[in-house]
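What follows is the residue order along each chain.
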Amino acid sequence: MQPDALPYAGRLQRLGQRLPLWSVERLLVLNMKNIRYLSGFTGSDGALLIGPDCRTLLVDGRYITQAREEAADLEVHRYPGKMDGLVEAIGRQSRGEIGFEADTMTVALWTALTERLPGVTFRPLQEEMEALRAVKDEGEIAKIATAAEIASRAFNEILSRIRPGMTEREIAAGLDDAIRRGGAQEASFPTIVASGENAARPHARPQDRAVRAGDLITIDFGAVYEGYRSDETCTVALGRADPEQRHVYSLVKEAHDRALASIRAGVACRAIDAEAREEIEKQGFGDAFPHGTGHGVGLDVHEYPRLAAQSRAILEAGMVVTVEPGVYLPGRWGVRIEDLAAVRTDGCTVLSKIPKELKIIEI
Ligand code: ZN
Ligand code: ZN
């Protein structure tokens, strides 16, 4: 079975049709995730030049064999140096306007290219390129679902081993190990295990703090499967949870459930964010929820669109997004609950597997 051999031609074709809408004749792709998405090439360096009469993958000598195998439909060129290779490929084939990814091109490369190619106008593309990978096909959604399943299984495995006295670092290392043993390439991002007062920081790093009875422990984790990532967060209580912790947990859970229930194609991303925020704000915890409600996930763990108040994006069927409200009480503890869902025309399919009722680990 080789479903992967099929999507690249279609993706390149759709992208080619958009170039005139963006007022560019050609596109220089430097973001390696975008190159992978468009060509199948999984190396760590290279460039892709796309236009009406060219689909050229440029790589150095380390990658020539791999590029020819993985991107069999493209013309593959080997360059001795990236700058000279780009100047030659662009200069040989193009005048006029050429688009590039605004968030990938460096100032140094832009300066050199514009100096050496005075006949070419380089045009930055931001949201156009960010949105490129937002809508996933069923093959991509299946890979993200597999990543989520591996991660959820690994979480369940380590959960039964958490005991007072273990450090956050030990728990994180155990989870990372279980994720790899479960069939993932690696963890999706540096695993977060944050307990007690550390859990009051949304992006805490695991410390040498030993977990103890009465802690809330926030564990944010994911797996990579065939390049695609998952993202999920569970907050669990060690031994017991007091009434205030239970109250805040149920508030965050309600926000999470309401946001998830409002996901479907056609809904504005900022409306999902507002849905998650409403009850939290009403109960006076608005300032304790300082981040957006969610984000797209795919080849990168943070992708377009953002589910946030400032977002202008509209959900489309096939997007895969997280929902992750949180309440953080500085110096004390925090709660975040995160699930991953594929947007459908009439709702969503939740891809992460762990039930989000408050779990008390028995000690
Ligand atoms: Zn996460
Ligand atoms: Zn996330």
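An account of the accompanying structure is given in this report. (Residues numbered from 1 in each chain as written. Chains lettered and ligands numbered in written order. Predicted model: local features only at pLDDT ≥ 70, side-chain atom pairs only at ≥ 80, totals over all residues. Heavy atoms only, no water.)

Scanning the entire structure with this criterion turns up 35 salt bridges. Of the charged contacts in the structure, one is a salt bridge between D60 and R62, with a shortest N-O distance of 2.8 Å. In this structure R62 comes out as exposed when scored by relative accessible area, which is 58%. Three or more residues are tied together by salt bridges with common partners; here these are E254, R258, E275, E278, E279 and K282. (Salt bridge = Lys/Arg side-chain N within 4 Å of Asp/Glu carboxyl O. Buried < 20%, exposed > 50% of the residue type's maximum accessible area, 1.4 Å probe, protein only.)

On to the packing of helix 7 (residues 138–159) against helix 8 (residues 168–181). At a closest axis distance of 8 Å, the pairing of helix 7 and helix 8 adopts a crossing angle of 135 degrees. Considering the angle they form, helix 7 stands oblique to helix 8. For the element pair helix 7 and helix 8, the recorded crossing hand is right-handed. Every residue of helix 8 that contacts helix 7 at I150, A151, A154, F155, E157 and I158 is listed here: I171, G174, L175, A178, I179 and R181. (Axes fitted to C-alpha atoms, helices over the stretch in contact; angles between N-to-C directions. Helix = DSSP H or I, 4+ residues; strand = E, 2+ residues; numbered from the N terminus. Parallel < 35°, antiparallel > 145°, perpendicular 65-115°, else oblique. Left-handed = near helix turned anticlockwise from the far one by under 90°. Contact = heavy atoms within 4.5 Å.)

A few words on the sheet that holds strand 8 (residues 192–195). Taking strand neighbours across the sheet as the criterion, the 4 strands line up as 8-9-12-20 in an open arrangement whose pairing is mixed. Each edge of the open sheet is held by one strand with a lone partner, namely strand 8 and strand 20 (359–361). Between one strand axis and the next, the sheet turns through 25 degrees on average, direction left out of account. Inspection of the sheet shows strand 9 (residues 216–221) paired to strand 12 (residues 232–238) by 6 bridges, in the antiparallel sense. Counted as the bridge partner of D220 is T233 from strand 12. (Pairing = 2+ DSSP bridges.)

A cis amide bond, omega 0 degrees, links Y304 with the succeeding residue P305. Among the structural elements, P305 can be located in strand 14 (residues 303–307). At S23, a position not held by glycine, the phi torsion is positive, near 60 degrees. Its place among the elements puts S23 in the loop between helix 1 (7–18) and strand 1 (26–29). Even without being a glycine, E226 presents a positive backbone phi close to 45 degrees. With respect to the helices and strands, the residue E226 is situated in the loop between strand 10 (223–225) and strand 11 (228–229).

Right, let's get into the coordination of the zinc ion (ligand 2). Protein ligation of the zinc ion (ligand 2) involves D231 (OD), H295 (NE2), E324 (OE) and E338 (OE), the donor distances falling in the range 2.1 to 2.2 Å. In this structure, the zinc ion (ligand 2) is surrounded by 4 donor atoms whose angles at the metal cover 79 to 152 degrees, and the resulting shape is irregular. For the zinc ion (ligand 2), the donor residues sit on a single chain with the sequence spacing D-x63-H-x28-E-x13-E. The distance between the zinc ion (ligand 2) and the zinc ion (ligand 1) is 3.1 Å, with D231 acting as a donor to both metals. Separated by 93 residues along the polypeptide, D231 in the loop between strand 11 and strand 12 and E324 in the loop between strand 15 (320–323) and strand 16 (326–329) bring together distant segments of the chain. Accessibility classification places D231 together with E324 in one group, the buried group. (Donors = N, O, S within 2.8 Å, 3.2 Å for Na, K, Ca; no water. Tetrahedral: all angles 85-135°; square planar, octahedral: opposite > 155°, others 65-115°.)

Coordination sphere of the zinc ion (ligand 1), protein contribution only: D220 (OD), D220 (OD), D231 (OD) and E338 (OE), at 2.0 to 2.6 Å. In this structure, the zinc ion (ligand 1) is coordinated by 4 donor atoms arranged in irregular fashion, with angles at the metal of 54 to 148 degrees. Counting gaps between the donor residues of the zinc ion (ligand 1) yields the pattern D-x10-D-x106-E. For D231, a relative accessible area of 3% corresponds to the buried category.

Another aspect to go through is the packing of helix 1 against helix 2 (residues 32–39). One way to put it is that helix 1 packs onto helix 2 with a least axis distance of 7 Å and a crossing angle of 115 degrees. Of the possible angle classes, the one that applies to helix 1 and helix 2 is roughly perpendicular. Packed against helix 1, whose contacting residues are Y8, R11, L12 and L15, the element helix 2 presents R36, Y37, L38 and S39 at the interface. A breakdown of the residues in the contact of helix 1 with helix 2 according to their chemical character gives 5 nonpolar, 1 polar and 2 charged. (Nonpolar A, V, L, I, M, F, W, Y, C, P; charged D, E, K, R; others polar.)

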